[in-house]
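# Examination of the molecular architecture
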Amino acid sequence: MLRRSQKKQWYQRRVRDPTDMDNAEEEDLPPLDSSHNFDSIDPDIVATIAALGSFEGKKYVKGEECAICIGDLIKFLRIENRKDCDIRRQLARTKVMEKDLLPILTTYYEEQEIVEAMMRLLVNLTMPALLCFEREETRKKDKIFEGLCLEVNNHLRHYKSQFVLFNAMKVFSSQLGRLLELGKTNRTDDDDLMLERLLIIIRNILHVPADSFEDEQLHSSLSVHDKLVLSLIEYGVADLLFYLCGSRDEEQHCLLSLEIISLIFRDFDASTLARQNTNLDNIKIDEELKQIKLKEDLQKQKRLNMKNSRHSRFGGTFVVKGKKSITDKDLIYHKNIKKIKDLSFDDEKTIKRHTGYNAIAEDSASKRLSTAQARSALQELAQKFLDVCYNPLMKKAKSLLCRGQGTADCDESFYLWACCFFMEFNRVIGFKLELVAETLSSDTFSYILQIIFKFHEEIKGFSSRMAHKMKLWAKRLHFAVKAYREMLENLALMQISKDSKIKSISGVIQNIIFYQQEYRELPTTLLKQFNRTIFTKSYLIDLVECTHLYIKMLEAYTKSNTLIVQQTKKVAKKKKRPVKKKKNMLSEREMQEMWDGDIESEVMKILSAGSISTSHVRPFDASSDYSMEQQRVVCKHSIQDLLKSGSFDEAVALYKAAQEVWPSSPSFGMPDMAIIDEVNVMKSIFLSREDIPEMMTEETFSKDDEDPRETEMQGSELHHVSEHKFQNNDYLMLYARPQIVKCYCYLLEFFETNSTSANHATVKMLYRLASKIAMSPLMYQISFFITLKKILSAPKIDSYKDLQKFAVFLVRKYIVSLKESPLICLDAMFWKTPDDVIAIDNGYDPEKLMPKQKVVWTPLEEEEVKSLFAKWLDKARAIDICDMIAQDMTTSNDKQRMDVKRKILELGLVSEENTDILKKKPKNKVEWLPDEREALKSLYEEYKYDRDPVALIQEKLDTKSRKKIIKELESLLGVRKSDLDVNRSIWTKDDDEELRILYDHKSETHTGDALLEIIQDKIPKNRTIKEIKDALIRLRLQRDENSSVHFWTKAELAILAKFDFHKGSKKELVLKIRSELSHIDTSSIIQQLVRQNKITTVEGADLLIEVDDSDEEEEEEEAEEEYDFFEFPKYVKKITHQHASALSWIAEICQQVLNNREDMLDYDTVFIIAREESHHEALRDNSFQDMLKCLGAVPPLSSYETYWKITSDVSDNILRKAVSLMQGDDAGYSDSDQSVDDFTAPPEPNTESQKSSLPWFNESGDDDEDDMDTFLSKMRSQNTPAPSNPRKRATSESREPGSSVSKQKISRKLSTSDEEQEFDEGITENKENSPPKSSHLQKQIVASDSDSESNEPVVV
């Protein structure tokens, strides 16, 4: 214990500056009075501090027991009272930090013992104030506790300034460097503790909050925090922290390092730092100053306009006209008044105070601009952190947090802050994906979503009495929302990037966050929970801007993509049905008949065969709670059930296993019994009437009736997950809730202080609700109208332009609604729901708003239902009986199908087992039309390589559902359903490039299936041969064998590149190209030229027509062969062995054409479409093609068509002969006994019916030229084709008069059908018997063939 004089000397030494101790005078010492509270300090603390050491001049000299004294101070702090922290406050009042501790640390930093003891002491002394106290949770405010916290915080701020003054970071840097140089393997446990203590001290000093006086200082001056951060950078502590963050060996310190990094940038804005030393910063400041100056000028002008030129000094009594007092006279006011709105009687009223837990939450964080020097240093520090250690640090931190190895709940907050800050910094300074790739991924999106929902549930778990804890979790939720918003900002920036790889990554992430329902409903969930007493206004601003950005991205995505989204609905849990005891429903006689039937013989056969396996059955369960006797009874019933169901093998196996378990029981017999005895034992088991014990009835016999999935989910909610097409308006309806609209209206009250982006996001959402889904009545509320009035009276500046437009828009809609229904003004006092909006739109019409009344049934209607039910009961399986009864009812017309169904069940007309006859039957299926099938084929060929071809086809075929399209594609084209799946494997551009390189490299040495197998082995992803082949066709590296589109090789493209289309005739160049590339059709050549921009689309169409016309002329002039039916048998015999299946296929088609003509169906063109690979091979054979031409089939035109076809020009006789020949029945046909006349001369009409059937036949026998003229005119008006060879039909119409064809050939052409023969005969008769009189009977005269000498004209 020190004496009084020693205590006085110590005190005088403590209060003086050590630098002035030599020049101090006695009168300068402060007097010893009660104001110094000298006796309040513990004497032991005084003696301990005195033994630490003292200043000798300007140098500090430690005491002999300095290290021991530091240890004693640590013990004092360990035993202090945590309710008031007396020891801590006493040490602070003695100024031990700047008088002893820091001088010892900076002077004797080489003595490791003293440094280690000092670090232990500083960890405790710099602990945050809230962690120092131990306080019970209470709702009331504790002013004493708040005062103590403020005192400790003031001491910590003083410590922080002293750390800067004594350059303590230099010592920390040397100690950190020494420990890190040792390496992870060479450091001892004490070294690890020392390293952790150093980081904790740095964290504690940085964590000290700034003084309110510092916040009020000019931005041009450095704060204490700025100076501390600059000293960290100057002495290399920041570089050592970056090493800790990026090192793989220091994973245990990554969360603490991340916290220190976040505290360094705590008071700074990422955008401001990123714009430092750029013109963007100056431009933004200039714009803000211009807006502020413009607002001040407008407000000043408004005040000048309102000010009266003559000042009134009258202070008497006023009479307010138009406002009555408590009497019938006008109101008298005894105060000076300038405006009528200043008239108020509330001046002397007391304002109702809000309790603390109902007060509006205020933002505590404030951003400082600081000096340009500090901002430049921090900008370089942030950029260095991004380049060096952002990705590895965030990866390690996320891994630790996912494994639950965080040291505190706030660790996730620092992770979220780092995501938000550095991603924003990277986005503003110049977006580089590789710097933030770790956090800009789908996994991070999912992780942040989990954190948001976790914080959301934590807030919901507290009661209103725990408001301070709710505010703490609300602050953490704010960090999560800001991180999520910044990730959306980066994702939107990736979508507009010029790099295709970045855009593809963005598309994948967007597809995930738009597909899953949790992401879509996240904004609505958080907005509904908003409470302004818990959440701050800045949180609401970030949430509104995040919602606006998400909806904007969603709308842009759905414009260019068909979005299929996931929807999860809660399903009511199925109630467990009461299980009845299972009873034998069959009598003993029936059971005996069953045994004598098939059961006995089957059991005998199985037992005689022997070698029965019992390994798969378990008659006894040792872990069960039931006894062996109870399980024996259950086993007998199981054998009985298996025999009844026909599972004889299982029944015998269970019987054999039961013999082994119960060898002495007479129920199952002995294991070595004879077969006939075993059969008798099984008969006794089958005919047994022994009941199962009551306790086992429910468990044993309810297993078959229960759904195993239902058993697993007992006690939990059931969810049904489905997929549907996304609709924007349906999604916006989620925001049409009063809780959400109130949030937006509340935020708009602060439009003057909000940022431009916040105001825009708020107004845009309200405009979407008012215009897109017609929910403007949601905003018809008095408080919101007051806000709109303020907006309309605000200055007319650009930042308020959108707000004022929306205000005018909403007020006008309200006035229109008010004229239609005046009662809407009453609803303006309340917030409205969507149901209220429907009521307002319907004008409060009670008939429209009345709920549907209960259906009333009369006795007469019930009798009619019974009679109609009995009438249609026989056909109930085939028809919808409820629908038929509702339609046939005569006593009532207002009963619907569901009303009839309920009444049938109520009357008990059907039992519970037969209720399926009341189910709604599917409607008649609508068959696909031929045109629709052809359109489906062409659309599938066009979109089959897209990710979702069915969705694209469905857009074109609006009347068909997705299910019908898939089913038709499976039946029509044989497409597998897996190939039409939306979630099939996707080829990115990188995959395409890799496939292209592999193909170019391997195609030089391999071909065919071997090439595809090599590519499959080399490609990193698991791809099937079909997927690789489809990708090669899509990339135009291989040709689709089933497609008519030509695949251009490199050699063919080289030939095409030799021709210059800027010189010479384009038609001649196309003809030259076709002569060199004779295997390619003209259409493919012209399409490739258009694709290479050598000719325009219009020029390509003209060239295609000109070249085809020239081909037709050459074909007509140089036709050397004419196919007729005489050569058909020769080709059939020639190709019978080679294409037998193809001949059968053509015979089936011809027979189908004949059947259709007999049924008067599809008499027009029938296409020949190959169904098998052998059919494709036959169609490529020249002999097979010649056979089809002899038959009269028309080949596909090279430019327009793909398939062969059989037209109506082919007669039935020819088709019948062809079918008989192709089927091998040629008995009725011989070349020797057939002549030309047999095919050309039509039969004479012998009977009257035959004559009357001819259109030109006249009963009088006279030539009726007028009837002939009428018939020919009718035929011309119907565009009846001229009789000709089907193969030449496409070209014969363009022939000009004068072309020569032999008479014999013309006669053969005229024999195409019976009707045409009769038509030709009529024309010939009229021509010979009567001269031509009218011009419309003029015939086309065709000169005879050059080989014929006759000049007789032939009619065609």
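Everything numeric in this text was worked out from a predicted model, so none of it was measured.

### Considerations on the overall build of the chain
- For the chain, the count of helices and strands is 62 helices and 10 strands.
- Sorting the 1356 residues of the chain into buried and exposed places 41% on the buried side.
- Restricting the contact set of the chain to residue pairs at least 6 apart, pairs at least 24 apart contribute 71%.

### Observations concerning the packing of aromatic side chains
- For the coordinates displayed, the defined rule picks out 31 aromatic pairs.
- Ring geometry for F530 against Y746: centres 6.2 Å apart, planes inclined by 40 degrees, an arrangement best described as tilted. One end of the pair, F530, is in the loop between helix 23 (517–529) and helix 24 (537–560); the other, Y746, is in helix 32 (residues 738–748), with 216 residues separating them in the sequence.
- Using a relative accessible area of 14% as the deciding quantity, one classes F530 as buried.
- Take Y746: its relative accessible area is 9%, and that puts it in the buried class.

### As for the nonpolar core
- Membership of the largest hydrophobic core comes to 196 residues, with the highest contact counts inside it found for L52, I264, F265, F422 and Y484.
- Looking at this core, the element that brings in the most residues is helix 21 (residues 467–495), giving 13 residues.
- In this structure, Y484 is in contact with F445, I448, I452, Y519, L522, C546 and Y550, ignoring residues within four places of it in sequence.
- Counting 34 residues, the second largest nonpolar core, distinct from the first, contains A1147, A1170, V1210 and L1215.

### A short note on the packing of helix 5 (residues 96–107) against helix 6 (residues 112–125)
- One can describe the packing of helix 5 onto helix 6 by two numbers: an axis separation of 10 Å at closest approach and a directional angle of 140 degrees. For the element pair helix 5 / helix 6, the angle class is oblique. For the pair helix 5 and helix 6, the crossing hand works out as left-handed. Of the residues in helix 6, those touching helix 5 at M97, L101, I104 and L105 are I114, M118, M119, L121, L122 and L125.

### So, the pattern of salt bridges
- Overall, the coordinates contain 25 salt bridges when judged by the stated rule.
- A salt bridge links R88 to E80, with the nearest nitrogen and oxygen atoms 3.0 Å apart.
- Here K772 makes a salt bridge to E555, at a shortest N to O gap of 3.2 Å. Here the residue K772 occupies a position in helix 33 (residues 756–772), and E555 occupies one in helix 24, the gap between them amounting to 217 residues.
- Look at K772 and you get partly exposed, because its relative accessible area is 45%.
- Ionic contacts of the salt-bridge type, sharing partners, join the residues R89, R93 and E151 into one network.

### Details of the packing of helix 6 against helix 10 (residues 189–207)
- Where helix 6 meets helix 10, the axes come as close as 9 Å, and the angle between the chain directions of the two elements is 45 degrees. With respect to helix 10, the axis of helix 6 lies oblique. Here the hand of the crossing between helix 6 and helix 10 comes out left-handed. Listed contacts from helix 10 to Q112, V115, E116, M119, R120, L122 and V123 of helix 6 are M194, R197, L198, I200, I201 and N204.
- Residues belonging to the contact of helix 6 with helix 10 are distributed by class as follows: 8 nonpolar, 2 polar and 3 charged.

### Examining the side chain of Q781
- Following the sequence through the fold, Q781 ends up in the loop between helix 33 and helix 34 (782–793).
- Classification of Q781 as buried rests on a relative accessible area of 8%.
- Reaching out from Q781, the side chain makes a polar contact with the side chain of S783 at a distance of 2.4 Å.
- When near neighbours in sequence (up to four residues on either side) are disregarded, Q781 contacts A828, M829, F830 and W831.

### Describing the environment of E457
- Counting through the fold element by element, E457 comes out in helix 20 (residues 442–460).
- A relative accessible area of 46% places E457 in the partly exposed class.
- Spatially, the C-alpha atoms of E457 and W473 are 9.8 Å apart, while their sequence positions differ by 16 residues.

### Digging into the environment of D730
- For D730, the position within the fold is in helix 31 (residues 728–732).
- Given a relative accessible area of 52%, D730 falls into the exposed group.
- Note: C-alpha distance between D730 and I773 (43 residues apart in sequence) is 8.7 Å.

### Looking at the pairing of strand 3 (residues 318–324)
- Judged from the 4 bridges that link them, strand 3 and strand 4 (residues 330–333) form a sheet pairing that is antiparallel. Counterpart to K324 in the pairing with strand 4 is D330.
- Where strand 3 hands over to strand 4, the hairpin turn is made up of 5 residues, counted between the paired strands.

### Observations concerning the state of the cysteines
- Per the counting criterion, the structure on display carries 0 disulfides.
- This cysteine, C85, is not joined by any disulfide, and C132 carries the nearest cysteine sulfur, 5.2 Å off.
- Note on C743: no disulfide assigned, nearest cysteine sulfur contributed by C745 at a separation of 9.3 Å.

### Focus: unusual backbone geometry
- You will see that C85, though not glycine, has its phi angle at about 55 degrees, which is positive.
- At A774, a position not held by glycine, the phi torsion is positive, near 55 degrees.
- Looking at where A774 falls in the secondary structure, it is placed in the loop between helix 33 and helix 34.

### Quick word on the confidence of the model for the chain
- When the pLDDT values of the chain are averaged, the result is 75; 72% of them are 70 or greater.
- Residue range residues 574–584 is modelled with pLDDT below 50. Its contacts to residues more than four positions away, or to other chains, number 19 contacts.
- Considering only residues more than four positions removed or in separate chains, one finds that residues 1116–1123, a stretch of pLDDT under 50, has 15 contacts.

### Let's talk about a negative patch on the surface
- Side chains of E113, E116, D189 and D190 sit close together on the surface and give a patch of like negative charge.
- When residues of the negative patch are traced back to their parent elements, those giving at least two are helix 6 and helix 10.
- Position of D189 relative to the elements: it lies in helix 10.

### Here's the deal with a nonpolar patch on the surface
- A surface patch of nonpolar side chains, about 600 Å² in accessible area, is lined by I782, I786, L823, L826, M829 and F830.
- Examined against the element boundaries, L826 turns out to sit in helix 36 (residues 824–827).

### Looking at the environment of T891
- Secondary-structure assignment places T891 in the loop between helix 40 (881–888) and helix 41 (897–907).
- Take T891: its relative accessible area is 33%, and that puts it in the partly exposed class.
- Spatially, the C-alpha atom of T891 lies 9.3 Å from that of T858, the residues being 33 residues apart in sequence.
- Beyond its immediate chain neighbours, meaning those up to four positions away, T891 contacts L860, E861 and E864.

The rules we used
Residues numbered from 1 in each chain as written. Predicted model: local features only at pLDDT ≥ 70, side-chain atom pairs only at ≥ 80, totals over all residues. Heavy atoms only, no water. Helix = DSSP H or I, 4+ residues; strand = E, 2+ residues; numbered from the N terminus. Buried < 20%, exposed > 50% of the residue type's maximum accessible area, 1.4 Å probe, protein only. Contact = heavy atoms within 4.5 Å. Phe/Tyr/Trp six-rings, centres within 6.5 Å; stacked < 30°, edge-to-face > 60°. Core = buried A, V, L, I, M, F, W, Y, C linked by side-chain atoms within 4.5 Å. Axes fitted to C-alpha atoms, helices over the stretch in contact; angles between N-to-C directions. Parallel < 35°, antiparallel > 145°, perpendicular 65-115°, else oblique. Left-handed = near helix turned anticlockwise from the far one by under 90°. Salt bridge = Lys/Arg side-chain N within 4 Å of Asp/Glu carboxyl O. Nonpolar A, V, L, I, M, F, W, Y, C, P; charged D, E, K, R; others polar. Polar contact = N/O pair within 3.5 Å; in protein donor to acceptor, adjacent residues only side chain to side chain. Pairing = 2+ DSSP bridges. Disulfide = S-S within 2.5 Å. pLDDT = per-residue confidence, 0-100. Patch = residues over 30% accessible without salt bridge, like charges linked within 9 Å, V, L, I, M, F, W, Y side chains within 5 Å. Areas by Shrake-Rupley, 256 points an atom, 1.4 Å probe, with all protein chains shown as cover. Lys, Arg positive; Asp, Glu negative; His and termini not counted. Charge placed at Lys NZ, Arg CZ, Asp CG, Glu CD.

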